[in-house]
Amino acid sequence: MRTKYKQWAVDYLNEHKEITIEKIDLNQPFFKKDLCIEVGSGKGDFILNFSSKNLTKSFIAIERVDTVAGMMAKKLIEAESKNVLIFPHDAKLIFDQIGENKVDTIFLNFVDPWPKKKHAKRRLTFHTFLESYYHILKPGGLLIFKSDNDGLYDFTLEEIQTTKFAMISNEPDYSFDESQDAMTEYERKFRDLGQPIHRIVLKK
């Protein structure tokens, strides 16, 4: 379900540039730590909670919808988060800026499944996206995918076969590990409904 436009959230995002980033400068102190990226961060539940457990790492939350990015920004600022910045643009714009072998972990959490076949290229696990993730990940870096959507899960497994990624784990019904993970708003809702969560971990 698409989030309705909320002017207050857009205004909040525009008023708090300290929580956003427009260009990646790897010489800045923020990027001297291990770098993690979440593509499609939504309202920020995952990145807020996971980053608070991993204070020695830096996080970039990519969310191109202004309303949603603004809602996430409010959560992060109210929590006084110090190790997360929001990139409020399309994910493709960040790949060339980061360059090769720079990122430790990429998270894809409950991204839009784009169920129509004609929209396959928009899926964030389409092989061209997977190739971009592989390029920016460090050797040994991880790509972690979670979804409730059976179609996207099956599609992702097929697309992985066209890449150089090594499969570390593939769990059709993932049991949540609180010590090593955090939930998104969607994951919490789906688990309450008893719906299986699919999880794939890939390594460069």
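Residues numbered from 1 in each chain as written. Predicted model: local features only at pLDDT ≥ 70, side-chain atom pairs only at ≥ 80, totals over all residues. Heavy atoms only, no water.

**Here's the deal with the overall build of the chain**
Step number 1: Counting its secondary structure elements, the chain contains 7 helices and 7 strands.
Step number 2: Along the chain, helices and strands appear, N-terminal first, in the series α-β-α-β-α-β-α-β-α-β-α-β-α-β.
Step number 3: Against the globule reference of 17 Å for 204 residues, the chain gives a C-alpha radius of gyration of 16 Å, in line with a compact fold.
Step number 4: Taken over the C-alpha atoms alone, the chain extends approximately 40 × 40 × 35 Å along its principal axes.
Step number 5: Residue pairs at least 24 apart in sequence account for 77% of intrachain contacts in the chain once pairs closer than 6 positions are excluded.
Step number 6: Only carbon and sulfur atoms are counted for the fraction: they give 50% of the accessible area of the chain, which is about 10,700 Å².
Step number 7: Considering the chain, the positive charge centre built from 31 side chains and the negative charge centre built from 31 side chains are found 3 Å apart. (Helix = DSSP H or I, 4+ residues; strand = E, 2+ residues; numbered from the N terminus. Rg over C-alpha atoms; globule rule 2.2 N^0.38 Å. Contact = heavy atoms within 4.5 Å. Areas by Shrake-Rupley, 256 points an atom, 1.4 Å probe, with all protein chains shown as cover. Lys, Arg positive; Asp, Glu negative; His and termini not counted. Charge placed at Lys NZ, Arg CZ, Asp CG, Glu CD.)

**Focus on the environment of His119**
Step number 1: Along the chain, the position of His119 falls in the loop between strand E4 (103-109) and helix H5 (127-136).
Step number 2: It is 32 Å that separates the C-alpha atoms of His119 and Leu76, two residues lying 43 residues apart in sequence.

**Quick look at the nonpolar core**
Step number 1: Counting 37 residues, the largest nonpolar core has Val39, Ile60, Tyr133 and Leu143 as the members making the most contacts within it.
Step number 2: No other element matches the 5 residues that helix H6 (residues 150-160) contributes to this core.
Step number 3: Ignoring sequence-local partners within four residues, the contact set of Tyr133 consists of Val39, Phe95, Ile106, Leu108, Leu124, Leu143 and Phe165. (Core = buried A, V, L, I, M, F, W, Y, C linked by side-chain atoms within 4.5 Å. Buried < 20%, exposed > 50% of the residue type's maximum accessible area, 1.4 Å probe, protein only.)

**Things to note about helix H7 (residues 185-192)**
An α-helix turns once per 3.6 residues; consequently, residues spaced three or four apart project the same way.
Step number 1: A distance of 3.2 Å separates the backbone nitrogen of Tyr186 from a side-chain oxygen at the start of H7, and that oxygen is part of Thr184.
Step number 2: Positive backbone phi, at 80°, marks Gly194, one or two positions downstream of H7. (Polar contact = N/O pair within 3.5 Å; in protein donor to acceptor, adjacent residues only side chain to side chain.)

Geometric descriptors of this kind do not, in isolation, establish any biological role.
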